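Each chain, written out:
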Amino acid sequence: MSRFDLTPLYRTAIGFDRLASMMENANNSSSNNGYPPYNIELLSENHYRISMAVAGFAESDLEITSHENSLIVKGTKEQPETPKNYLYQGIAERGFERRFQLADHVQVTGADMENGLLHIDLVRDVPEAAKPKNIAIGHAR
C-alpha cells in the first residue's frame with residue numbers, strides 16, 4: 001500500500017486539515033532521492049541547526065525561503081558553456097529543492113556556509129500566552 005486515504009480524517013476532524021496535508025506531503029516526498037544530504041542538530045533546548053552538504057554550489061546559487069511553517073532551500077546550478085568530459089562523475093551538480101516543515105513558533109535566525117556545508121539556524125520562541133499555566137485551586141468567583 002503506497003498511498004493512504006486521509007478523506008475520513010478531513011470529514012470527521014475539524015481543524016486538523018493542515019496535519020493531514022502534512023502527512024500527505026510526507027508520503028509524496030518519500031520518493032525523494034536524498035540529495036543533498038543533510039543533518040538536523042539540536043544545539044540547545046530551543047535552538048536547532050540544519051546542515052546541508054552543498055559541495056560545488058556558491059552562495060549565489062542557493063536560495064533560502066521561510067514562509068509560514070515551511071522552509072525551502074533551492075540550489076540552482078548553471079550549466080557551463082562548454083560541457084566537461086568526465087571519466088567519472090561522483091559529485092552531483094544538479095539543482096535541488098529541499099523542503100522542511102517547521103513546528104509552530106520556530107523561526108529561521110540565519111544561514112552561513114563553511115567548508116561546503118550550508119548551515120541554517122533556527123530558534124523556537126514560544127510566546128508567553130501559548131505556554132502552559134498552572135492554575136491554583138481556590139475559591140472560584
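See above for the structure.
Residues numbered from 1 in each chain as written. Predicted model: local features only at pLDDT ≥ 70, side-chain atom pairs only at ≥ 80, totals over all residues. Heavy atoms only, no water.

Student: Provide a residue-level description of the overall build of the protein chain, including the pertinent values.
Tutor: Within the protein chain, the secondary structure is distributed over two helices and seven strands. Reading the helices (α) and strands (β) of the protein chain from amino to carboxyl end gives α-α-β-β-β-β-β-β-β. Burial status across the protein chain gives 22% buried among its 141 residues. Considering only residue pairs separated by 6 or more positions, the protein chain has 53% of its internal contacts joining residues 24 or more positions apart. (Helix = DSSP H or I, 4+ residues; strand = E, 2+ residues; numbered from the N terminus. Buried < 20%, exposed > 50% of the residue type's maximum accessible area, 1.4 Å probe, protein only. Contact = heavy atoms within 4.5 Å.)

Student: Residues and numbers for the sheet that holds strand β1 (residues 38-44), please.
Tutor: Across the sheet, which stays open at both edges, the four strands sit in the order β1-β2-β7-β6 with antiparallel pairing between neighbours. Every other strand in the sheet has two partners, leaving β1 and β6 (106-114) as the edge strands with one partner each. This sheet shows a mean twist of 20° between the axes of neighbouring strands, independent of strand direction. Pairing between strand β2 (residues 47-53) and strand β7 (residues 117-124): seven bridges, direction antiparallel. Considered in β7, the bridge of His47 is made with Val123. (Pairing = 2+ DSSP bridges. Axes fitted to C-alpha atoms, helices over the stretch in contact; angles between N-to-C directions.)

Student: Pulling in residues and values, what's your account of the pattern of salt bridges?
Tutor: Charged atoms that come close allow side chains of opposite charge to pair. Taken as a whole and judged by the stated rule, the model has three salt bridges. Of the charged contacts, one joins Asp121 and Arg49 as a salt bridge, the two residues approaching to 2.8 Å between their closest N and O atoms. With Asp121 in strand β7 and Arg49 in strand β2, the pair connects residues that are 72 residues apart, well separated along the chain. On the basis of relative accessible area, Arg49 is assigned to the partly exposed category, the value being 23%. The closest approach of N and O atoms between Glu97 and Arg99, which form a salt bridge, is 2.8 Å. On the basis of relative accessible area, Arg99 is assigned to the exposed category, the value being 55%. Linked through salt bridges whose partners overlap, the residues forming this network are Lys74, Glu97 and Arg99. (Salt bridge = Lys/Arg side-chain N within 4 Å of Asp/Glu carboxyl O.)

Student: Describe the pairing of strand β3 (residues 62-67), naming the residues involved and giving the relevant values.
Tutor: Of the pairings in the sheet, the one linking β3 to strand β4 (residues 70-75) comprises six bridges and is antiparallel in character. If you follow Ile64 over to β4, its bridge partner there is Val73. Hairpin connection of β3 to β4: two residues between the antiparallel strands, including Glu68 at a positive phi of 50°.

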